[in-house]
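# Structural description and commentary
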Number of protein chains: 2
Amino acid sequence: MRIGIYGYGNLGKGVELAIRQNPDMELFGVFTRRDPATLKLATDGAKAYAAQDIEQYKDAIDVLIICGGSATDLPAMTPALAKHFNVIDSFDTHADIPKHFANVDAAAREGGKTAAISVGWDPGMFSLNRLYANCILPDGKDYTFWGKGVSQGHSDAIRRIEGVADARQYTCPVEAALEAVRTGTNPELTTREKHTRLCYVVAKEGADLARIEREIVTMPKYFADYDTTVHFISQEELDRDHKGIPHGGFVIRTGSTGRNGEHKHRIEYSLQLDSNPEFTSSVLVAYARAVYRLNRRGEIGCKTVFDIAPADLSAMSGEDMRAHLL
Amino acid sequence: MRIGIYGYGNLGKGVELAIRQNPDMELFGVFTRRDPATLKLATDGAKAYAAQDIEQYKDAIDVLIICGGSATDLPAMTPALAKHFNVIDSFDTHADIPKHFANVDAAAREGGKTAAISVGWDPGMFSLNRLYANCILPDGKDYTFWGKGVSQGHSDAIRRIEGVADARQYTCPVEAALEAVRTGTNPELTTREKHTRLCYVVAKEGADLARIEREIVTMPKYFADYDTTVHFISQEELDRDHKGIPHGGFVIRTGSTGRNGEHKHRIEYSLQLDSNPEFTSSVLVAYARAVYRLNRRGEIGCKTVFDIAPADLSAMSGEDMRAHLL
């Protein structure tokens, strides 16, 4: 299976490394909007190409993994590329998924291709676990908690404040809220009760720290609805202690069965990830295998993780899976 | 969707209650090897029938949920019934799954029917989580822990000892082993290090308690490889404190990604169940929906949870799923 990578940021680099862990795949090359000569790939024999030339390589690529941002890149890229390639992306703007799905589905059908969108961990593995748990326990309640992990969007929002040189924001689940959910009492939790926000900020010399802190904690949408803690640290400390991009979280459904709902059950799925982009990349690569197979079986159009049977993600035969994993 | 239940023990009764939680399903009736007149169903309008008459109701039942034991019932029942009905079972003898699969697959294909075997939580939801986690993190290690929960097989083994009137055995995961696994150090754990066994035993009057305890803790396969604790209690205490059938467990995969495996990740799935049979029943009913749909699409033969796309378990439309769960 020959994989193309479109975009070479953190996610694209993660995909390149994930391909190495899957012996049935090989990297054809990386497509970039930058000058291809400036890219240093980690894979022997793989080449960097100019994004604009990609249609020339239609027949050389089995699945193209599109590693762009959800805000502006993917809404345009994925439909455009789905006409010519089997594609997969990690589009994660939950509210816009129906529109993105429709656009990609139309394009893929036009080209006889197969696409999968919103593949990663949320949306992705968390969504899958919400679906399975809902089907098994119809009488119940879902909870999703994120963290402890770095939110790129919130870190960026802090960096835009005047006087801020650099920043890193962690979203943290509130342990007491997690415990309350686990008891099965189906608590109603406010935004503030579920997560806290922890900010490490490097201020520019002479900046007004009190004003920066006030601007952070009162920022609408991003911080105002949360208990937010701000720590001012040096650039050296930020680089030393907060360079990683960890993330994770919890999907919990509690529900009941029995004559009168007398039996309580809890289904819990959790992730703890040292590298958010590398884990997302690993999910993308597993689903690339499925996209390839679906297309070979003539199943064209846009799919999500809901539409893909788990066996299609695996390099194992059905016999081996049943003997060793069932 | 009209559901038939074949067998009316704990599992069959659980299926009957689970059908009530799914408005797109109705119970056609229960088939029993006992005298149908002796069964008291919980569902208005549903009837009990003699198991031997089942073929008369071929056209009245969309999916038959077979609620028998894995030791002797299911290996015969599921292939026999799969010739005439879409069927589903919870066959859980892991080592015999390949044979059972082959038998059921041949029968279902002969009859143009769809079957699903080994549906429940282990095999079932635990298997699914092992598969997904293996596909996402190829470089990693799997761990499954069970409990705290009642093992029917181990309780039965104790009850067969001379002088024992009644017994209840709990399998308990060792917290320290779980914590060691969660650190991502990929420990090699012995049977004894992973689980302990806790036994509540009601002795007959005048029985030799020391001998009973010795026979339990030294019993090969069942107890000899574990740290086993035996408590003698009265029948009243057993009935009062140990009547439930709770169970649960943990599926954990730790793995690494990155240039040199420098980023560690943990995927953890856990269940905590007040009623093992009712939860298994709830999984069976969700997969019954999928079996029905697969058959209507012409996908015949035997399936497992690996072969079934998650969307087929849900009564929601694709649009609703993508808008609300993705």
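Each value, and the rule that gives it
- Residues numbered from 1 in each chain as written.
- Chains lettered and ligands numbered in written order.
- Predicted model: local features only at pLDDT ≥ 70, side-chain atom pairs only at ≥ 80, totals over all residues.
- Heavy atoms only, no water.
- Helix = DSSP H or I, 4+ residues; strand = E, 2+ residues; numbered from the N terminus.
- Rg over C-alpha atoms; globule rule 2.2 N^0.38 Å.
- Buried < 20%, exposed > 50% of the residue type's maximum accessible area, 1.4 Å probe, protein only.
- Contact = heavy atoms within 4.5 Å.
- Areas by Shrake-Rupley, 256 points an atom, 1.4 Å probe, with all protein chains shown as cover.
- Lys, Arg positive; Asp, Glu negative; His and termini not counted.
- Charge placed at Lys NZ, Arg CZ, Asp CG, Glu CD.
- Patch = residues over 30% accessible without salt bridge, like charges linked within 9 Å, V, L, I, M, F, W, Y side chains within 5 Å.
- Salt bridge = Lys/Arg side-chain N within 4 Å of Asp/Glu carboxyl O.
- Core = buried A, V, L, I, M, F, W, Y, C linked by side-chain atoms within 4.5 Å.
- Least-squares fit on C-alpha atoms with pLDDT ≥ 70 in both.
- Pairing = 2+ DSSP bridges.
- Axes fitted to C-alpha atoms, helices over the stretch in contact; angles between N-to-C directions.
- Disulfide = S-S within 2.5 Å.
- Buried area = accessible area lost by both parts, 1.4 Å probe.
- Polar contact = N/O pair within 3.5 Å; in protein donor to acceptor, adjacent residues only side chain to side chain.
- Nonpolar A, V, L, I, M, F, W, Y, C, P; charged D, E, K, R; others polar.
- Arc of directions from axis to C-beta.
- Phe/Tyr/Trp six-rings, centres within 6.5 Å; stacked < 30°, edge-to-face > 60°.
- Lys NZ or Arg CZ within 6 Å of the ring centre and 35° of its normal.

Along the backbone of chain A there are 11 helices and 14 strands. For 326 residues, the compact-globule estimate of 2.2 N^0.38 gives 20 Å, and chain A sits close to it at 22 Å. The dimensions of chain A, computed from C-alpha atoms along their principal axes, are 65 × 60 × 35 Å. Here chain A, with 326 residues, has 58% of them falling under the buried criterion. Residue pairs at least 24 apart in sequence account for 68% of intrachain contacts in chain A once pairs closer than 6 positions are excluded. As displayed, chain A has an accessible area near 13600 Å², and 46% of this comes from carbon and sulfur atoms. When the 38 positive and 44 negative side-chain charges of chain A are each reduced to one mean point, those points stand 3 Å apart.

Moving on: a positive patch on the surface. On the surface, Lys13, Arg20 and Arg34 of chain A together with Arg259 of chain B cluster together into a positively charged patch. Inspection of the secondary structure puts Lys13 of chain A in helix H1 (residues 10–20).

When a protein is soluble and globular, its nonpolar side chains tend to lie buried together. Core analysis: the biggest nonpolar cluster contains 158 residues, and Leu64 and Tyr287 of chain A together with Leu64 and Tyr287 of chain B have the highest contact counts within it. Beyond its immediate sequence surroundings of up to four residues, Leu64 of chain B is in contact with Gly4, Ile5, Tyr6, Phe31, Ile54, Leu81, Phe85, Asn86, Val87 and Ile88 of chain B.

Mapping chain A onto chain B is achieved by rotating through 180° and translating by 0.0 Å along the same axis, at an RMSD of 0.0 Å. Such a turn and shift between the copies fits a two-fold axis.

All right, on to the sheet that holds strand E9 (residues 164–173) of chain B then. Strand order in this open sheet of 4 strands is E8-E9-E10-E11 (chain B), and the pairing throughout is mixed. The sheet is open, and its two edges are formed by strand E8 (149–150) and strand E11 (227–232) of chain B, each paired on a single side.

Below, the discussion takes up the sheet that holds strand E11 (residues 227–232) of chain A. Residue and element names in this part refer to chain A. Ordered by their spatial adjacency, 4 strands build an open sheet running E8-E9-E10-E11, and the pairing between neighbours is mixed. Every interior strand has two partners, whereas the edge strands, strand E8 (149–150) and E11, have only one. In terms of strand pairing, E8 meets strand E9 (residues 164–173) through 2 bridges, oriented antiparallel. What sits directly across from Val150, in E9, is Tyr170. On top of the sheet, helix H8 (residues 209–217) reaches E9, strand E10 (195–203) and E11; it is set at about 150° to E11, its chief contact.

Here we come to the state of the cysteines. One covalent bond between the sulfur atoms of two cysteine residues makes up a disulfide. One pass over the full model with this rule turns up 0 disulfides over all chains. Cysteine Cys135 of chain A shares no disulfide, and the gap to the nearest cysteine sulfur, in Cys67 of chain B, comes to 19 Å. With no disulfide partner, Cys172 of chain A has as its closest neighbouring cysteine sulfur the one in Cys199 of chain A, 9.3 Å distant.

What follows concerns the interface of chain A and chain B. The partner chain B presents 65 residues to the 65 residues of chain A that form the contact. Approximately 5800 Å² of surface area, both sides summed, lies buried where chain A meets chain B, with 62% of it carried by carbon and sulfur atoms. Taken together, chain A and chain B are joined by 0 salt bridges. One can count 27 residue pairs in polar contact (both at pLDDT 80 or more) joining chain A with chain B. When residues in the side of chain A that touches chain B are grouped by element, the largest group, 11 residues, is from strand E13 (residues 263–273) of chain A. Within the side of chain A that touches chain B, the residues separate by chemical class into 33 nonpolar, 18 polar and 14 charged.

Here the focus is helix H5 (residues 152–159) of chain A. Residue and element names in this part refer to chain A. Of the positions making up H5, those classed as buried are His154, Ser155, Ala157 and Ile158. Taken around the axis of H5, the buried residues stretch over an arc of 160°, which confines them to a single face. Buried residues belonging to H5 abut E8, E9, E10 and H8.

The next thing to look at is the packing of aromatic side chains. Across all of its chains, the model carries 17 aromatic pairs over all chains by this definition. With centroids separated by 5.9 Å and ring planes inclined at 85°, the aromatic side chains of Tyr170 of chain B and Tyr200 of chain B adopt a geometry described as edge-to-face. Of this pair, Tyr170 of chain B sits in strand E9 while Tyr200 of chain B is found in strand E10 (residues 195–203), placing the two residues 30 residues apart along the sequence. Since its relative accessible area comes to 6%, Tyr170 of chain B is described here as buried. Each member of the aromatic cluster is reached from another via a ring pair, and the members are Phe28, Phe31, Tyr49 and Tyr57 of chain A. Lying across the ring of Tyr170 of chain B, Lys148 of chain B places its NZ or CZ 4.9 Å from the centre. Stacked on the ring of Phe145 of chain B, the Lys or Arg Lys194 of chain B has its end atom at 5.0 Å from the ring centre.

This part covers the side chain of Glu278 of chain B. Inspection of the secondary structure assignment puts Glu278 of chain B in helix H10 (residues 276–296). One buried charge, Glu278 of chain B, has no salt-bridge partner; the nearest side chain with opposite charge is Arg259 of chain A, at 7.4 Å. Engagement of the side chain of Glu278 of chain B in a polar contact is seen with the side chain of Thr257 of chain A, the distance being 2.7 Å. Setting aside residues up to four positions removed in sequence, Glu278 of chain B forms contacts with Thr257, Gly258 and His263 of chain A together with Gly14 and Leu17 of chain B.

Let's shift gears to the environment of Met316 of chain A. As for its position among the elements, Met316 of chain A is in the loop between strand E14 (301–303) and helix H11 (318–324). The contact partners of Met316 of chain A, leaving out residues within four places of it in the chain, are Met321, His324 and Leu325 of chain A.

Glancing now at the pairing of strand E12 (residues 247–257) of chain B. Residues and elements named next belong to chain B. Within E12, 11 of the 11 residues are buried, leaving the element largely enclosed by the surrounding structure. Burial along E12 is two-sided: His247, Gly249, Val251, Arg253, Gly255 and Thr257 facing one way and Gly248, Phe250, Ile252, Thr254 and Ser256 facing the other are all buried. Pairing between strand E7 (residues 140–146) and E12: 7 bridges, direction antiparallel. Across the sheet, Thr144 pairs through a bridge with Val251, a residue of E12. Of the strand pairs in this sheet, E12 and strand E13 (residues 263–273) are connected by 11 bridges, and their pairing is antiparallel. Within E13, the residue paired with Ser256 across the bridge is Lys264.

Residue and element names in this part refer to chain A. Among the 7 residues that make up strand E2 (residues 26–32), 6 are buried, leaving the element largely enclosed by the rest of the structure. Taken together, the 5 bridges between strand E1 (residues 2–6) and E2 define a ladder with parallel strand orientation. The partner of Tyr6 across the bridge, within E2, is Phe31. By the bridge criterion, 4 bridges tie E2 to strand E3 (residues 47–50) in an arrangement that is parallel. When the bridges of E3 are listed, Phe31 appears paired with Tyr49.

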